[in-house]
Structures are given as structure tokens and as C-alpha cells.
Amino acid sequence: MQKPDFKAVLFDLDGTLLDTAPDLGNALNHVLSSFHRPLCKYQEYRNIASDGAKGLLELGFGEDIVHIDFDKARQKLLDFYEDNICRETQPFSGVISCLESLNEMQLPWGIVTNKPGWLTDKLLTHFPIMASCGSVISGDSLPKRKPDPLPLLTAAKQLAVEPEDTLYIGDAIRDIEAANAAQMISVIARYGYIDKNEDLTRWKADHTIDAMEEFWQL
């Protein structure tokens, strides 16, 4: 395989590298069950999975969220998720082979996520390939998080590459906004947690891939 023009790759985590929606949805349903609320189905919470505990609880409780102890519900969700963080989570198709190819070509790669560090670190230990990750920036690693470019710029610095020589792949508009602000090459992971009716042209990304197997076609 010919070595590409870019010198490093940064990835979002949830919805880009790992399909974490099933375990996040299970945590939401655990909370809903404890409040005797109807459970949510996979197709309902899949595209909310990247929005954190707040987004999941807002989905599950709807307008009634103002009538619950939000902090208590959020902590219950996070505790359950931490204890069951990798029951059903799997890498998306093509992810492992992509990371292995980057390693073989000695191209550095990293992860920039808004997930809290204590959850990010615990989740990554379940996947041996993640040990070769050159930089991990979580949502609480720095004073600012995506869509601010600071996490991406910090990761590029840790990988010793210039931002303009770096790809950033993510499945949320905040990912693309951060990449564009950092002057990186922005790539939408269309297979991630994106509504099928979303107008992706407004994101102003440089590229879009429908599966990680398309990565090397960039």
C-alpha cells in the first residue's frame, strides 16, 4: 500500500471507532426502569449515543425531565455504564484493519473524544489495538473540548505532526467544526450516529466515508 500524503490520523471514539450505542442504551434503560418509565429502543437512542448522559436522559424522559432529580439520574446512568462499559460495544467494520495498517505504515494516530477520561480509559483497555494509540484526549483532559479546536491541536502536537498534515474523522458536526477550525483535513464517518435525513453539506467537511473500509480511498 502506497504511503498517503497525510502524516497522522485522529479519530472520534463513540460512533466512529467503536459502536458504543448498545451499552449506552442499556444504561439509559436501566435508569428508565428504575423510574418505571417506558424503555427506549435501539433505533431511538442510536443517534443520541454521542450526546452523553444529558442527551440520553432528555430522550428517555422527554418533557418530564424537569420533574426528576437530574443529577441523581445522571449518576445512576454513569454508574451502570461504567460497570457494564463493554458488554455489547464493538469496533465498527473495518476499524481494526485500518488501525493495523496505520501501525504497519508507522503513521501515528490518536483519539479525540468528548467522553470523560475515566470512561474513555476504561473502555479502551478492552481492545488491545488501542495500546498503540499515540494520543488520547478526552472531554475533560483540557479546559475546552470539541467543537473547540484545542483538543485536536493538542493531540497533533503530541503526535509531533502539523495540523494541516492530519486527518480528523468523526460522526458529529462538532467533530467537523473542530477539525476545520484546527485546519485539519475533516472527514465525516457517515456510518456513525448520524440521522439519515441529515444534510451533511452544511457541515462543510473535506470528505465523507460510508464505511471505514473506504478510508484508504481518501
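Residues numbered from 1 in each chain as written. Predicted model: local features only at pLDDT ≥ 70, side-chain atom pairs only at ≥ 80, totals over all residues. Heavy atoms only, no water.

Would you mind going over helix H7 (residues 150–158) with me for this structure?
In an α-helix, one turn spans 3.6 residues; hence positions three or four apart end up facing the same way. Looking at H7, one finds that the buried residues are Pro151, Leu152, Thr154, Ala155 and Ala156. Those residues of H7 hidden inside the fold are in contact with strand S1 (8–11), strand S4 (109–112), strand S5 (135–137), strand S6 (166–170) and helix H8 (173–181). (Buried < 20%, exposed > 50% of the residue type's maximum accessible area, 1.4 Å probe, protein only. Helix = DSSP H or I, 4+ residues; strand = E, 2+ residues; numbered from the N terminus. Contact = heavy atoms within 4.5 Å.)

Please clarify how the sheet that holds S1 should be interpreted in this entry.
Strand pairing within a sheet occurs via backbone hydrogen bonds; the two strands may be parallel or antiparallel. Taken in spatial order, the 6 strands line up as S5-S4-S1-S6-S7-S8 in an open sheet, and their pairing is parallel. Two strands close off the open sheet at either side, each with one partner strand: S5 and strand S8 (207–209). Strand-to-strand twist of the sheet, defined as the mean angle between neighbouring strand axes without regard to direction, takes the value 20°. One ladder, built from 3 bridges, connects S1 with S4; its direction is parallel. In the sheet register, Val9 faces S4, and the bridge partner there is Trp109. The strands touched by helix H5 (residues 95–104) are S1 and S4; relative to S1, the strand with the most contacts, the crossing angle is about 150°. In the packing of H8 onto the sheet, the strands contacted are S6 and strand S7 (185–189), and the crossing angle to S7 comes to about 170°. (Pairing = 2+ DSSP bridges. Axes fitted to C-alpha atoms, helices over the stretch in contact; angles between N-to-C directions.)

Is there a simple way to think about the pairing of S7 in this case?
Within a regular strand, side chains alternate between the sheet's two faces. Within S7, 4 of the 5 residues are buried, leaving the element largely enclosed by the surrounding structure. Here S6 pairs with S7 via 4 bridges, running parallel. Looking at the pairing, Tyr168 lines up with Ser186 of S7. Viewed along the sheet, the connection from S6 through H8 into S7 turns out right-handed. Pairing of S7 with S8, which is carried by 3 bridges, proceeds in the parallel orientation. Paired with Val187 across the bridge in S8 is His207. (Right-handed = clockwise from strand over helix to strand, strands pointing away.)

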